[in-house]
Amino acid sequence: MADTITVSVSRYRPEQESEPTFQDYDVPFRDDWAVLDAINHIKDNIDGSLSHRWSCRMGVCGSCGMMVNGEPTLTCAAFLSQYAPGPIRIEPLRYFPVIRDLVVDITSFMTKLKKVKPWIIRKEEKALSEGEYRQSPDELDAYKKYSMCINCLLCYSACPVIGLEPNFIGPASIALAQRYNLDSRDEGALERLSILSQDDGMWQCTFVGECSEVCPKDVDPAGAIQRYKLTGAANWFETILPWSSK
Amino acid sequence: MDVFSHDVLIVGGGGAGLRAAIAVAETDPKLSLAVVSKVYPMRSHTVSAEGGAAAVIKDDDSLDDHAYDTISGADWLCDQDAVELFVNEAPGEMLQLEHWGCPWSRLSDGSVAVRPFGGMKKQRTWFAADKTGFHMLHALFQTTLKYDPIQRYDEYFVTKLLVDDGRCRGVVAIELATGRIVTILAKSVMLCTGGCGKVFPFTTNANIKNGDGMSLAYRAGAPLKDMEFVQYHPTGLPFTGILITEASRAEGGWLLNKDGYRYLQDYDLGKPEPHPVLRSMELGPRDRLSQAFVQEQEKGRTFEGPYGNYVHLDIRHLGKAKIDKSIPFVRELCRKYVNIDPVHEMIPVRPVVHYIMGGVHTDLDGATPLAGLYSAGEAACVSINGANRLGSNSLTELLVFGARAGNAAAKFALEVEGNGISAISAQVGDEQRRLEKDFLEKQGGTERIATVREEMQKIMEECVGIYRNGKDLERGAEELAKLRERADNIALDDHSHTFNTELTAALELGYMMDSAEAIIHSAKARHESRGSHQRTDFPERDDDKFLQHSLAYRTESDAPRIEYTPVSITRWPPGKRVYGK
């Protein structure tokens, strides 16, 4: 087995370059190294000017998503051995503006996230003195999967619709809306439906399903969107049918 | 330079900071309030917490039981008034988080489920499978989005506290995306920046855990309390230091030495039973379990591996169904990072630096001795954790003391006059020049950041590990002082303003050096063994001399001044820590 592997990293320093370029680095090839370890090795030992985000190194903070060989990847949870003998091509997450090197601008996502009202909405709050809302294990299971999103944004980089329509509210945000809609404590589904039914909402999705393919936490945003569309359609029929109560 | 102004400014957007922000917003929605964080809040290290959060909720439990477990777990070094208040307010805070949508695991009747945890004699640890911190952080962050008064400075790195006339008046920060240096004025400032685990080489802590807030306070003249108390979690994965949650033992996992023997029975922790017994064996406190590992290693009864010695955590007998339901993240992490399936194989584990009991000295309301400066969470030391924190108390602490400090900081901001920039403009100018001269425009230098950082971590591991002695501590203090001189001679490759992470790494190294200095000197001065601070040259606890909190004050020399302040004892006189009985 070779003892080094070549990592080809997209560099973009807006103060000195107008376009991204690739720079190759040879790093030790170690079985137990994640791709992120190789990038950290470059930063620490070869080139301190390389910028990237990372934090937990255990696949839960969502900071270190990048394109690895063209695929949206959580770099702390992908290993050099998967890409042997290399080279490995590392680029910033696709469809986001690049700030610098491997760091992308995620402010658009932060706006979209807030837009779906990802919090418990109730007509009346229960007093704390009355204890917890009862929620059976089955009721928890109804939304649990959609609560596992770490906001790593791989799904946005995988989504061809985002590539064409950057305003599309996107997989993670819709999954999160579903997470609250399906929570037995929540009463905000209609409010969210009106938001998600707007032009930049769920109807943009063409159900390619790439979002669920790349999700490192099996959140299945594609499933969430599909399910949401059914709710949306049912709701629309209810509003036009003559025997509807509305 | 751009100047922003708020009533309350919270530094850090993890569990404590976000809980504090909601408390401020609810105190008075007219208060101008902002959270400044070097990462987007949902990236904060609260996200990595796994096992659970303790609060008395079930009928067979009592507040006094929770208090006693916490106090005895702390080896009596915590403040009992703080602990009483903590256990009292814990259930309300946990219910509040339930109302905010945290997906707590449930019993079949829909009530919140609780699990056993180390050092706790009742089941009182609420959990969301084994991603409790992740769910708490996201529920909190998403809830903050509905409060319009909460403004955010995401990815702004705070470099200095502005202090004038004995009061904290704001911060200087760098906007990472642009390199713009800004002043953010505030009537009250709160540090919720977490701990400093990265001063050690082998830690569960994320890359961002550099003791930023501890250092900011220390440099501003506020003392750091009980910094010698560093928690080693007994079960981390070798190499990565990834935490395998205590919940794996709470659910029934066993610790086995290389002979397949449940070695904890040899360390006054009780007798091995097939099922978990509270406050016994694998459910003993973390300090005692980590110490038992070292002794087992010295007896030659651990495995030798490429990343240090290890023992086995065996959860195979729990079965796939229980593992997948209660501790699925353990399975996910083991498969991903050590390439084993714990349903069929034993997990290699060794003690790993996890938490620092010490922090910025605060009172029960999170107020530091510096007027206008507050702190909560791991960054702070109230103290409820004393010489050893019990597992699952820290997530609850974020909520209880985050809320209390938020309330107090809001009240302070409502009572005091605002700040003008004029009084502190000289400080702001000095700080801007420091950042430019020492970092952004720095020329020359020969040391790499990573080299100095690794040497600091090596000193800490060798001299302030699980067992310590005066000779090593003396050597460590000297080497650290020399290393600080080398840190001044760092060479920087990057002089750009756009998202310059070499700049932040250099600033973080400076922060870590401060925490390391406080840890090593506080440990050197404490001539006794208590909880996580074990001195082989002073093996006994010495209540006459050291039933006191240490306070490390920064000085102009290379050593802090160490003072002591009494521990508050209310109803539980110091006694012997008894486990396994």
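Residues numbered from 1 in each chain as written. Chains lettered and ligands numbered in written order. Predicted model: local features only at pLDDT ≥ 70, side-chain atom pairs only at ≥ 80, totals over all residues.

Description of the overall build of chain A
Scanning chain A for helices and strands turns up 9 helices and 7 strands. If you line up chain A on its principal axes, its C-alpha atoms span 70 × 40 × 35 Å. Burial statistics for chain A: of 246 residues in total, 50% are counted as buried. Across chain A, every contact between residues at least 6 apart in sequence was considered, and the portion connecting residues at least 24 apart equals 66%. (Helix = DSSP H or I, 4+ residues; strand = E, 2+ residues; numbered from the N terminus. Buried ≥ 20, exposed ≤ 12 C-beta atoms within 10 Å, placed from the backbone. Contact = placed C-beta atoms within 7 Å.)

So, the overall build of chain B
Helices and strands together make up the secondary structure of chain B, namely 15 helices and 21 strands. A globule of 581 residues ought to have a C-alpha radius of gyration of about 25 Å, and chain B, at 23 Å, matches this closely. Taking the principal axes of the C-alpha coordinates as reference, chain B spans close to 70 × 55 × 50 Å. Taken across its 581 residues, chain B has 62% of its residues classed as buried. Within chain B, residue pairs in contact and separated by at least 24 positions form 76% of the contacts whose partners lie at least 6 positions apart. (Rg over C-alpha atoms; globule rule 2.2 N^0.38 Å.)

Looking at the pairing of strand 2 (residues 33-37) of chain B
Residues and elements named next belong to chain B. Within strand 2, 5 of the 5 residues are buried, leaving the element largely enclosed by the surrounding structure. Residues Leu33, Val35 and Ser37 line one face of strand 2 and the alternating positions Ala34 and Val36 line the opposite face, and both faces are buried. As judged from the 4 bridges shared by strand 1 (residues 2-11) and strand 2, these two strands associate in the parallel manner. Paired with valine 8 across the bridge in strand 2 is leucine 33. One ladder, built from 5 bridges, connects strand 2 with strand 6 (residues 150-154); its direction is parallel. Residue serine 37 lies in a different strand from strand 6, and its bridge partner there is aspartate 154. (Pairing = 2+ DSSP bridges.)

A few points about the interface of chain B and chain A
Each side of the interface is counted separately: chain B has 46 residues, and chain A has 44 residues. Elements with a contribution of two residues or more to the side of chain B that touches chain A: helix 3 (80-99), helix 4 (132-144), helix 9 (328-337), helix 12 (449-463) and helix 14 (501-525) of chain B. With 5 residues, helix 3 of chain B is the single largest residue contributor to the side of chain B that touches chain A. Of the residues contributing to the side of chain B that touches chain A, the split by class is 19 nonpolar, 19 polar and 8 charged. (Nonpolar A, V, L, I, M, F, W, Y, C, P; charged D, E, K, R; others polar.)

Considering the packing of helix 2 (residues 63-73) of chain B against helix 3 of chain B
Residue and element names in this part refer to chain B. Interaxial distance between helix 2 and helix 3 falls to 9 Å at its minimum, and their mutual angle equals 135°. Relative to helix 3, the element helix 2 is oriented oblique. Regarding helix 2 and helix 3, the two cross each other, and that crossing is right-handed. Every residue of helix 3 that contacts helix 2 at Leu63, His66, Ala67, Thr70 and Ile71 is listed here: Gln80, Val83, Glu84, Val87 and Asn88. Here the contact of helix 2 with helix 3 is built from residues that sort into 5 nonpolar, 4 polar and 1 charged. (Axes fitted to C-alpha atoms, helices over the stretch in contact; angles between N-to-C directions. Parallel < 35°, antiparallel > 145°, perpendicular 65-115°, else oblique. Left-handed = near helix turned anticlockwise from the far one by under 90°.)

Things to note about the nonpolar core
Within soluble globular proteins, side chains that are nonpolar generally end up buried alongside one another. By size, the foremost hydrophobic cluster in this structure holds 259 residues, and its most contacted members are Ala20 and Met190 of chain B. When residues of this core are assigned to domains, at least three fall in each of domain 1 (4-104) and domain 2 (107-240) of chain A. In this view, methionine 190 of chain B contacts Ile10, Val11, Ala20, Gly366, Tyr374, Ser375, Ala376, Ala405 and Ala409 of chain B; residues no more than four positions away in its chain are not counted. (Core = buried A, V, L, I, M, F, W, Y, C linked by C-beta atoms within 7 Å. Domains from an automatic or database assignment.)

Concerning the packing of helix 13 (residues 470-487) of chain B against helix 14 of chain B
Pairs of packed helices are described in terms of their axes, by the angle between the two and the distance that separates them. Residues and elements named next belong to chain B. Relative orientation of the contacting elements helix 13 and helix 14 amounts to 160°, with a least axis distance of 10 Å. Comparing the axis directions of helix 13 and helix 14 gives the class roughly antiparallel. The two elements helix 13 and helix 14 cross, and the hand of that crossing is left-handed. Of the residues in helix 14, those touching helix 13 at Gly470, Leu473, Glu474, Gly476, Ala477, Leu480, Arg484 and Ala487 are Leu509, Gly510, Met513, Ala516, Glu517, Ile520, His521, Ala523 and Lys524.

Focus: the pairing of strand 13 (residues 311-314) of chain B
Residues and elements named next belong to chain B. The alternating pattern of strand 13 places Val311 and Leu313 on a buried face and His312 and Asp314 on a face that is not buried. Here strand 12 (residues 254-256) pairs with strand 13 via 3 bridges, running antiparallel. Among the inter-strand pairings, tryptophan 254 is bridged to a residue of strand 13, identified as aspartate 314. The sheet contact formed by strand 13 and strand 14 (residues 347-356) spans 3 bridges and is antiparallel. By the bridge assignment for strand 14, valine 311 is matched with valine 349.

Some remarks on the environment of lysine 38 of chain B
Residue and element names in this part refer to chain B. By secondary structure assignment, the location of lysine 38 is in the loop between strand 2 and strand 3 (53-54). Residue class for lysine 38 comes out buried when judged on the 26 C-beta atoms lying within 10 Å of it. The spacing of lysine 38 and leucine 176 is 138 residues in sequence and 8.0 Å in space, taken between C-alpha atoms. Contacts of lysine 38, omitting those with residues within four sequence positions, involve Glu155, Tyr156, Phe157 and Ile208.

Some points on the sheet that holds strand 3 of chain B
Residue and element names in this part refer to chain B. Ordered by their spatial adjacency, 3 strands build an open sheet running 3-5-4, and the pairing between neighbours is antiparallel. Edge positions in the sheet fall to strand 3 and strand 4 (114-115), since each has one partner strand and no second. Pairing geometry for strand 3 and strand 5 (residues 125-126), over 2 bridges, is antiparallel. Paired with alanine 53 across the two strands is tryptophan 126, which belongs to strand 5.

Structural notes on the domain arrangement of chain A
All names here are of chain A. The domain boundaries assigned to chain A delineate domain 1 (4-104) and domain 2 (107-240). Each of domain 1 and domain 2 was reduced to a C-alpha centroid, and the two centroids are 30 Å apart. With 12 residues of domain 1 at the interface, the matching set in domain 2 holds 13 residues. Mapped by element, the contributors of at least two residues to the side of domain 1 that touches domain 2 are strand 3 (65-68) and strand 4 (71-74). A per-element tally of the side of domain 1 that touches domain 2 places strand 4 first, with 3 residues. Residues of the side of domain 1 that touches domain 2, tallied by class, amount to 7 nonpolar, 3 polar and 2 charged.

Side note on unusual backbone geometry
Negative phi is the rule for most residues except glycine; trans is the rule for most peptide bonds. In this structure, proline 85 of chain A follows alanine 84 of chain A across a cis peptide bond, with omega equal to 0°. Residues valine 382 of chain B and serine 383 of chain B are joined by a peptide bond in cis, for which omega reads 20°. One non-glycine residue, aspartate 220 of chain A, lies in the positive phi region at around 60°. In this structure, aspartate 220 of chain A sits in the loop between helix 8 (210-214) and helix 9 (221-240). Although it is not a glycine, tryptophan 76 of chain B adopts a positive phi angle of roughly 65°.

A few points about the sheet that holds strand 3 of chain A
Residues and elements named next belong to chain A. The sheet built from 5 strands is open, its strands ordered 2-1-5-3-4 with mixed pairing. Two strands close off the open sheet at either side, each with one partner strand: strand 2 (21-28) and strand 4. The mean angle between the axes of side-by-side strands here comes to 35°, regardless of whether they run parallel or antiparallel. In terms of strand pairing, strand 1 (residues 4-11) meets strand 5 (residues 88-91) through 3 bridges, oriented parallel. Paired with valine 9 across the bridge in strand 5 is isoleucine 90. In this fold helix 1 (residues 35-46) packs onto strand 1, strand 2, strand 3 and strand 5, with an angle of close to 95° to the strand it touches most, strand 2.

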